[in-house]
Amino acid sequence: MINISDFKQNLDLNEVPPELQKLIYFQNNISSFEGYSQGFGVFIDDKSGLRSWSEDENFLKQLSPFAQANGTGSFYAIWNDGTNKTLNQMPIVVFGDEGGVHIVAENILQLLHLLTYDTEIWVDVDEAYFFKDKNSYEESDGLAAYLKWMKGDYNLSQVEEPNILIKTAQEKYKENFDKWFRQYFNEA
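Now for a quick tour of the structure. (Residues numbered from 1 in each chain as written. Predicted model: local features only at pLDDT ≥ 70, side-chain atom pairs only at ≥ 80, totals over all residues. Heavy atoms only, no water.)

### Topic: the pattern of salt bridges
Thinking step 1. Enumeration according to the criterion identifies five salt bridges in this entry.
Thinking step 2. For K22, the salt bridge is made with D153, and the minimal N-O distance between the two is 3.6 Å. Highlighted residues: K22 in helix α2 (residues 18-29) and D153 in helix α6 (residues 143-154), separated in sequence by 131 residues.
Thinking step 3. K22 sits in the partly exposed class, given a relative accessible area of 35%.
Thinking step 4. The salt bridge involving E171 is made with K167; its shortest N-O contact spans 3.8 Å. Taken together, the residues span about one helical turn, with E171 and K167 both in helix α7 (residues 162-182) at a distance of four residues. Taken as a pair, E171 and K167 share a single burial class, namely exposed. (Salt bridge = Lys/Arg side-chain N within 4 Å of Asp/Glu carboxyl O. Helix = DSSP H or I, 4+ residues; strand = E, 2+ residues; numbered from the N terminus. Buried < 20%, exposed > 50% of the residue type's maximum accessible area, 1.4 Å probe, protein only.)

### Examining the environment of Y117
Thinking step 1. Within the secondary structure layout, Y117 lies in the loop between α5 (108-115) and β6 (121-123).
Thinking step 2. Sequence-wise, Y117 and Q158 are 41 residues apart; in three dimensions their C-alpha atoms are separated by 6.3 Å.
Thinking step 3. Setting aside residues up to four positions removed in sequence, Y117 forms contacts with F130, F131, K132, K134, Y137, Q158, V159, E160 and P162. (Contact = heavy atoms within 4.5 Å.)

### Description of the packing of α5 against α7
Angle between the axes and distance between the axes: these two values describe a pair of packed helices.
Thinking step 1. Following both chains from N to C, one finds α5 and α7 inclined at 160°, their axes separated by 9 Å at the closest point. In terms of axis orientation, α5 runs roughly antiparallel to α7. The handedness of the crossing between α5 and α7 comes out as left-handed. Contact residues: α5 offers Q110, H113 and L114, while α7 offers P162, L165, I166 and A169.
Thinking step 2. Split into classes, the residues belonging to the contact of α5 with α7 amount to five nonpolar, two polar and no charged. (Axes fitted to C-alpha atoms, helices over the stretch in contact; angles between N-to-C directions. Parallel < 35°, antiparallel > 145°, perpendicular 65-115°, else oblique. Left-handed = near helix turned anticlockwise from the far one by under 90°. Nonpolar A, V, L, I, M, F, W, Y, C, P; charged D, E, K, R; others polar.)

### A few points about the environment of T168
Thinking step 1. Note that T168 resides in helix α7.
Thinking step 2. On the accessibility criterion, T168 (35% relative accessible area) is partly exposed.
Thinking step 3. For the pair T168 and I103, spaced 65 residues apart in sequence, the C-alpha to C-alpha distance is 9.8 Å.

### With respect to the nonpolar core
Thinking step 1. Of all hydrophobic cores here, the largest spans 40 residues; its most connected members are F66, Y76 and I121.
Thinking step 2. When residues of this core are assigned to their parent elements, the largest contribution, five residues, is made by α5.
Thinking step 3. Excluding residues within four positions of it along the chain, F66 makes contact with F7, L11, L20, G41, V42, F43, Y76, A77, I78, I92 and L111.
Thinking step 4. Among the nonpolar cores identified, the runner-up in size contains 19 residues, and F59, L60, F95 and Y184 belong to it. (Core = buried A, V, L, I, M, F, W, Y, C linked by side-chain atoms within 4.5 Å.)

### Re a negative patch on the surface
Thinking step 1. Taken together, the side chains of D97, E98, D124, D126 and E127 define an acidic patch exposed on the protein surface.
Thinking step 2. The residue E98 is located in the loop between β4 (92-95) and β5 (101-105) in this model. (Patch = residues over 30% accessible without salt bridge, like charges linked within 9 Å, V, L, I, M, F, W, Y side chains within 5 Å. Areas by Shrake-Rupley, 256 points an atom, 1.4 Å probe, with all protein chains shown as cover. Lys, Arg positive; Asp, Glu negative; His and termini not counted. Charge placed at Lys NZ, Arg CZ, Asp CG, Glu CD.)

### Describing unusual backbone geometry
Thinking step 1. Even without a glycine there, the phi angle at K47 is positive, about 70°.
Thinking step 2. Inspection of the secondary structure puts K47 in the loop between β1 (41-42) and α3 (48-51).
Thinking step 3. Not every positive phi belongs to a glycine, and D118 is a case in point at roughly 65°.
Thinking step 4. Position of D118 relative to the elements: it lies in the loop between α5 and β6.

Written out as structure tokens, the structure is:
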């Protein structure tokens, strides 16, 4: 169970965005960690995963890791791109466990929509994407409740083409993110 106060304190926030508050409530009370979308779960993170990329305080200050992205160690973080957006409007980045850092959503709500696809995100050095093998896919136990919640609270249905949403987010933020990220991490 995630305690909202602990979550807020961990990320040094004055307030948790409503979308994340509702998601945490959903995960705590209706479903479970990894129960509603494969590989996904909100967590409280000490930024140790980020520190493996850079120890620079400016880097760490502008990223807020908040969720596991897949079962192998990738995670999602909110990126403060310095444009004075509210936290729920900031872009979402995935940090891959085997390399690769990519913009995946324009904001928290778009990430929640991506999760309706109900598969783990694949992250490699060149790209991040969702793939569903129709022959072996097994729906998450809590997916139906998650889809109902998303429809009721946000009027969003299950996404059919999640990679189109990722592409749209990257068209909007990738260039600026890559430029910012290279200040702190260079694969030379």
